[in-house]
Structures are given as structure tokens and as C-alpha cells.
Amino acid sequence: MPSKYFTYKDIPFPENFYSPEVLSFVEEEFQVQEDDVFNVTFPKSGTFWMVEILSLIRSMGDTSWVRSFPTWERAPWIEITPKEKDLPTWAQPRLLSSHLPIQLFPKSFFQSRAKVIYTTRDPRDVCTSLFHFSKIMTFFKQAESSEDFIEEFLSGAVPYGSWFDHVKGWLGLREQSNFLLVTYEELKKDIRGSIERIANFLGVHLSSAALEQVVDNCSFQKMKENPMSNFSQMSSQYVAKDRGTFFRKGVTGDWKNLFTVAQSERFGQIYQEKMKGFPVHLPWE
Ligand code: PPS
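Summary of the structure given here. Note that the structure is a prediction, hence the values are computed from the model and not measured.

Okay, the overall build of the protein chain next. Within the protein chain one finds twelve helices and six strands. Relative to its length of 285 residues, the protein chain is compact, with a C-alpha radius of gyration of 18 Å against a globular reference of 19 Å. Looking at the protein chain as a whole, 55% of its 285 residues qualify as buried. The long-range fraction of contacts in the protein chain, counting pairs at least 24 apart against all pairs at least 6 apart in sequence, stands at 72%. For the protein chain, the distance from the average position of its 32 positive side-chain charges to the average position of its 36 negative side-chain charges is 2 Å.

Printed below as a string of C-alpha cells:
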């Protein structure tokens, strides 16, 4: 069955996985709690890596939690959980994940002191990762070619819309004390320092032994081998496991293997136009 997208307030969503009713519920009625911790990203920016880091910080490096519960139970997705009451209640404070752009986020968040960790990544790598991911997820539209997919990405015709609007929208909160910006590139370059920064933001002190445990167990290899983190538990209704893997490469700069010189130039030109005047310097710029 070919996948179709519907739009909710101009943002595309795959109809086999999302519904306007749940999106509306999340925006209008979801009750954010003061101590909630949100893991927010545009897709393919390092969401599940951050879930692993946050899970391991919470358990002070102990691996029993990350080895017993799948990622989507440890930090459930607010926009695909039909009702807030269905969220697991055993994890307090709640760890919650979302790819929503800021304008669709629960209204109650903006009156709260709940924390947001926003992870972003070089959009060329996001586009590349999403292109490969779209081939394995059954609810994605299949692009005819990488060329078509890059154009869809640039115009925001992919699930969750425009990367540019997403990043600019969320980074509008960058001066707030309940907001932390993390980049995939920084995680790759200095995982230990990044974990310390995240733990500090959460008000958690990790002993050096606990810190080493977190560093060790959130590695690409460890996550790939952990059945609770590697998506092997996900239903074949959603993922065509014979067409690829969620743990694809886990590197920076893989866009160079997908983009032609002309595509790279066009991407750069649109990037300049869309991000013109944006006051935040990002590591890939
Ligand atoms: S999703 O489906 O949108 O939530 O995907 P997301 O988790 O945001 O991003 C998936 C990409 O993150 C890579 N990944 C990692 N890289 C380095 N280290 C670790 N531990 C790690 N875990 C996940 C994953 O491989 C995807 O990137 P690509 O470039 O496709 O390999």
C-alpha cells in the first residue's frame, strides 16, 4: 500500500502512523508537568542516541533499564501516544520525546518550567539519513531518486515539515534556562564533555565511574547490539528490516556520498537563503 501524508496545520505527517486527533490533543490538552524532560529533535538528528544518554544518566550509568525496556517506552513519543494516560507512569520525572515543530508543541509547556534538550544535526546529513530511512519505513513515501528526495527535504515536504523552520523555531528558546541546545556533531566530537553538560543541565551529578558507564553504553556499537535500542523489536508492519537498518553509519559527513556537486551547491544556496540573518552559529557552517 503506498503511503500517504496528511497535513496538520500545514505540516505533513504519514497517515499510517499519526492522526489529526492525537496531534490536536497533544497541542491543546496534553498536560506538561513541571519536572518533565523533553528530548526534542527534527527526525534523524540523534533522537535515539539522546534517549540512550538520558536513560543512562537517569540510572547513573547502570545498564539494567536500557537493557530491559525499549527506547520508545523509556522516552515515549508524545505525538503518537493516543492519550496521555497511556504514557508509562513508572518513570518520574517523565522523559518524553517529540519531533514536533514548536508551533505544534503542547500549549501547557509554555507556562511550565519543564526542560527541553533540543538536538540538531547538519541538515545535509539529516537529509541523507532520512532518505535511507524512508526506504525502510513502510509509512514513508518512497522518493523516485535522491534528487527528488533532496528537493522534498528542501521544500519541507517530508514528515514534520521544514528543517529550517524547525530549527529556527526551537532555537528561539535558546536564552531560556530550561532549554539546552546539543548538536550531533558535538556528541561525536566530545561525548564525555557533552554528557557532563547534559547531566549538569538536568541537575544530576555523575561520579567519574558513572560517567564512564554512560559514555561506554551510549556508543553506536553498544546501541546497535542492544535489542532494546536497535529497533529489532519494532513491528514489521512499520519497518522493512530486509531493506536496511536503523543503525546505518552513525557518522558525520555521509552526505558527501549522496549529494552530487550540483546538489550540494543548490542545498548550500537554499541554506543561505533560509538561514540568512539567523544569529546562532552552528558547527557545520
Ligand atoms: S529518528 O528515527 O528520526 O528518531 O532517528 P534519530 O535517532 O534522530 O537519528 C538516527 C541517526 O542517528 C544515528 N545514531 C547514532 N550515531 C552515533 N552514535 C550513536 N550512538 C547513534 N545512535 C543512532 C543513526 O545511525 C542515524 O544516522 P545515520 O546517518 O542514518 O547512520
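Additional details are given in the paragraphs that follow.
Neighbouring the ligand are 21 residues; T47, S129, Y184, K249 and G250 lie closest to it. In this structure, S129 approaches the ligand through a side-chain N or O atom, which is 2.6 Å from an oxygen atom. At a separation of 2.7 Å, a nitrogen atom of the ligand approaches a polar side-chain atom of Y184. About the coverage of the ligand: the protein hides 98% of its 650 Å² of free accessible area. Ranked by the residues each element gives to the shell around the ligand, the list is headed by helix α2 (residues 47-58), at three residues. Of the residues belonging to the shell around the ligand, the class tally is ten nonpolar, seven polar and four charged.

A separate point is helix α12 (residues 261-275). For α12, with 15 residues, the first-to-last C-alpha span of 21 Å sits near the 21 Å given by 1.5 Å per residue. Here the buried face of α12 lies against α5 (123-136), α6 (146-155) and α7 (163-171). One or two residues past the end of α12 sits G277, with phi positive at roughly 80 degrees.

As summarised here, the arrangement of the four strands in space is β4-β3-β5-β6, forming an open sheet in which the pairing is parallel. The two strands at the open ends of the sheet, each matched to only one other strand, are β4 (95-98) and β6 (179-183). Taking each pair of neighbouring strands and ignoring which way they run, the sheet shows an average axis angle of 20 degrees. Pairing analysis gives five bridges linking strand β3 (residues 37-41) to strand β5 (residues 115-120), with the strands arranged parallel.

Another aspect to go through is the packing of α6 against α12. Running from amino to carboxyl end, α6 crosses α12 at an angle of 5 degrees, the nearest separation of the two axes being 11 Å. Considered as vectors, α6 and α12 are oriented roughly parallel to each other. The segment α6 lies against α12, with E147, I150, E151, F153 and L154 engaging Q263, R266, F267, I270 and K274. Residue classes in the contact of α6 with α12 are distributed as five nonpolar, one polar and four charged.

What counts, and at which threshold
Residues numbered from 1 in each chain as written. Predicted model: local features only at pLDDT ≥ 70, side-chain atom pairs only at ≥ 80, totals over all residues. Heavy atoms only, no water. Helix = DSSP H or I, 4+ residues; strand = E, 2+ residues; numbered from the N terminus. Rg over C-alpha atoms; globule rule 2.2 N^0.38 Å. Buried < 20%, exposed > 50% of the residue type's maximum accessible area, 1.4 Å probe, protein only. Contact = heavy atoms within 4.5 Å. Lys, Arg positive; Asp, Glu negative; His and termini not counted. Charge placed at Lys NZ, Arg CZ, Asp CG, Glu CD. Near = heavy atom within 4 Å. Polar contact = N/O pair within 3.5 Å; in protein donor to acceptor, adjacent residues only side chain to side chain. Areas by Shrake-Rupley, 256 points an atom, 1.4 Å probe, with all protein chains shown as cover. Nonpolar A, V, L, I, M, F, W, Y, C, P; charged D, E, K, R; others polar. Expected span 1.5 Å × (residues − 1). Pairing = 2+ DSSP bridges. Axes fitted to C-alpha atoms, helices over the stretch in contact; angles between N-to-C directions. Parallel < 35°, antiparallel > 145°, perpendicular 65-115°, else oblique.

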